[in-house]
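# Close look at the chain arrangement
Residues per chain are reported as follows:
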Amino acid sequence: MINLSYKGISSSTYGLFLKSIDRSLFPELMPRILEIPGMHGVMDFYENRYSVRLIKVSFTSVKATLVELRTEARNIASWLNSTQWERLIFDDEPDKFYLARVYNSISLSNILSTGEFNVTFYCQPFAYSVINTGADPEWDNADFPWITSLTWEMLSPYKFTGTSKITDSFENPGNYKIDMYSPQGSLSQIIITGTWTTLSITLNGKTLTYTEAVATEKTLIIDNIDMSATIDSVSKLQYLGGDLETFLEILPGDNDIEIDGTGFNVEVSVLFTPMWI
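Figured I'd write up the structure that's included with this text. (Residues numbered from 1 in each chain as written. Predicted model: local features only at pLDDT ≥ 70, side-chain atom pairs only at ≥ 80, totals over all residues. Heavy atoms only, no water.)

## Observations concerning the environment of Phe97
With respect to the helices and strands, the residue Phe97 is situated in strand E8 (residues 96-101). Here the alpha-carbon distance between Phe97 and Glu35, two residues 62 residues apart in the chain, equals 38 Å. The contact partners of Phe97, leaving out residues within four places of it in the chain, are Arg87, Leu88, Ile89, Phe126, Ala127, Tyr128, Ser129 and Val130. (Helix = DSSP H or I, 4+ residues; strand = E, 2+ residues; numbered from the N terminus. Contact = heavy atoms within 4.5 Å.)

## Here's the deal with the sheet that holds strand E17 (residues 214-223)
The sheet built from 6 strands is open, its strands ordered E12-E22-E14-E17-E18-E19 with antiparallel pairing. The sheet is open, and its two borders are formed by strand E12 (159-162) and strand E19 (234-235), each paired with just one other strand. Note that E12 and strand E22 (residues 265-272) share 4 bridges and pair antiparallel. Looking at E22, one finds that Thr161 is bridged to Glu267. (Pairing = 2+ DSSP bridges.)

## Structural notes on the packing of aromatic side chains
Under the counting rule described, the total for this entry stands at 15 aromatic pairs. Residues Tyr50 and Phe126 carry aromatic rings whose centres are separated by 6.0 Å and whose planes lie at 80 degrees to one another, so their mutual orientation is edge-to-face. Linking Tyr50 in the loop between strand E5 (43-44) and strand E6 (53-62) with Phe126 in the loop between strand E10 (114-123) and strand E11 (127-129), this pair joins segments that are 76 residues apart in sequence. The class for Tyr50 is buried, based on a relative accessible area of 18%. With relative accessibility at 5%, the residue Phe126 sits in the buried group. Arranged with centres 5.9 Å apart and planes meeting at 40 degrees, the rings of Phe170 and Phe272 form a pair that is tilted. Linking Phe170 in strand E13 (residues 166-172) with Phe272 in strand E22, this pair joins segments that are 102 residues apart in sequence. (Phe/Tyr/Trp six-rings, centres within 6.5 Å; stacked < 30°, edge-to-face > 60°. Buried < 20%, exposed > 50% of the residue type's maximum accessible area, 1.4 Å probe, protein only.)

## Some remarks on the layout of surface pockets
The space that makes up the largest pocket amounts to roughly 310 Å³. Lining the largest pocket are 16 residues; nearest its centre among them are Ala73, Ile76, Ala77, Leu80 and Ile106. Each residue belonging to the lining of the largest pocket can be placed in one class, and the counts come to 9 nonpolar, 4 polar and 3 charged. When its volume is computed, the second largest pocket comes out at roughly 260 Å³. Within the lining of the second largest pocket, the residues separate by chemical class into 7 nonpolar, 4 polar and 3 charged. (1 Å grid on protein atoms, 1.4 Å probe; cavity = no way out; pocket = protein on both sides within 12 Å on 5 of 7 lines; lining within 4 Å. Points joined across faces, edges and corners; volume = space filled by probe spheres on them. Nonpolar A, V, L, I, M, F, W, Y, C, P; charged D, E, K, R; others polar.)

## Overview of helix H1 (residues 66-80)
Within an α-helix, residues lying three or four positions from one another point in the same direction, as the helix has 3.6 residues per turn. Taking 1.5 Å of rise per residue, the 15 residues of H1 would be expected to cover 21 Å, and the 21 Å separating its terminal C-alpha atoms lies within 8% of that figure. Residues of H1 that are buried sit in contact with strand E1 (4-6), strand E2 (9-10), strand E3 (16-23), E6, strand E9 (109-111) and E10. (Expected span 1.5 Å × (residues − 1).)

## Quick notes on empty space enclosed by the protein
Following the criterion strictly, the structure yields 1 cavity of 30 Å³ or more and no others. Here the largest cavity defines a volume of roughly 40 Å³. If you trace the largest cavity, you find it lined by Ile192, Leu199, Ser200, Ile201, Leu208, Thr209, Tyr210, Ile222 and Leu240. Tallied by class, the residues present in the lining of the largest cavity amount to 7 nonpolar, 2 polar and no charged.

## Concerning the pattern of salt bridges
Evaluation of the coordinates by the stated rule reveals 9 salt bridges. Across the pair Glu116 and Lys19 runs a salt bridge, and its minimum N-O distance is 3.2 Å. Taken together, the positions of Glu116 in strand E10 and Lys19 in strand E3 put the pair 97 residues apart, joining distant regions of the chain. The closest approach of N and O atoms between Asp232 and Lys218, which form a salt bridge, is 3.5 Å. Of this pair, Asp232 sits in the loop between strand E18 (228-231) and E19 while Lys218 sits in strand E17, and the two are 14 residues apart along the sequence. Take Asp232: its relative accessible area is 57%, and that puts it in the exposed class. (Salt bridge = Lys/Arg side-chain N within 4 Å of Asp/Glu carboxyl O.)

Structural measurements only, silent on function.
Encoded structure:
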């Protein structure tokens, strides 16, 4: 029997039987189309943006008495209630999660002490890896499944160190691009620690340059989703140049990265959470 967990709590905690799941293959598109008078069809602007993904589940709760059923119903209501996005994980895909919330009211129908109810989870359109490329797990203490799309040596494939031009690559196991259009809750950062006079980062043909000299070791965080650059939580966007209209994009599969500049001694980490449609 398949269970789900929400907010880190399994549905089995409440003795729930998961009767059915409706998980669409992909979320609904928000079409950008225009009807042209006198023409057949529509003009499609091809800018695919996805709406929320609706995941619908049906539960059954069996208790000894009606009083127990109503008491457990209060606990379930508290479990499903949230004011923010929470992780939703299904047992048959334990290495991925959805960012989900419940917006609709939930009706509980019962026959004697057996209750049934339906829940619609409003989810961000993509599934995410339960771990990101910045994880440094210990084998005995890892709290995620052994079967995961990222290797157990997570840090080294996504970390690059040098004092002269670096040309390398890394793999994104997800099947959807991570960029400035990714949903709230997505992660894509370039973290640069060290010293430099000037610096440039090129990822899949797009480049960001940084012109402020850093003589003592600092950490520059470039966030490709929030489109920001900070050192010690202070904005450094005024020193950033290059592809500022898009920042850097992480593609499915192989990604080419180049680090260059003058007078630099840096460690560059690519921190992201893979996404799947």
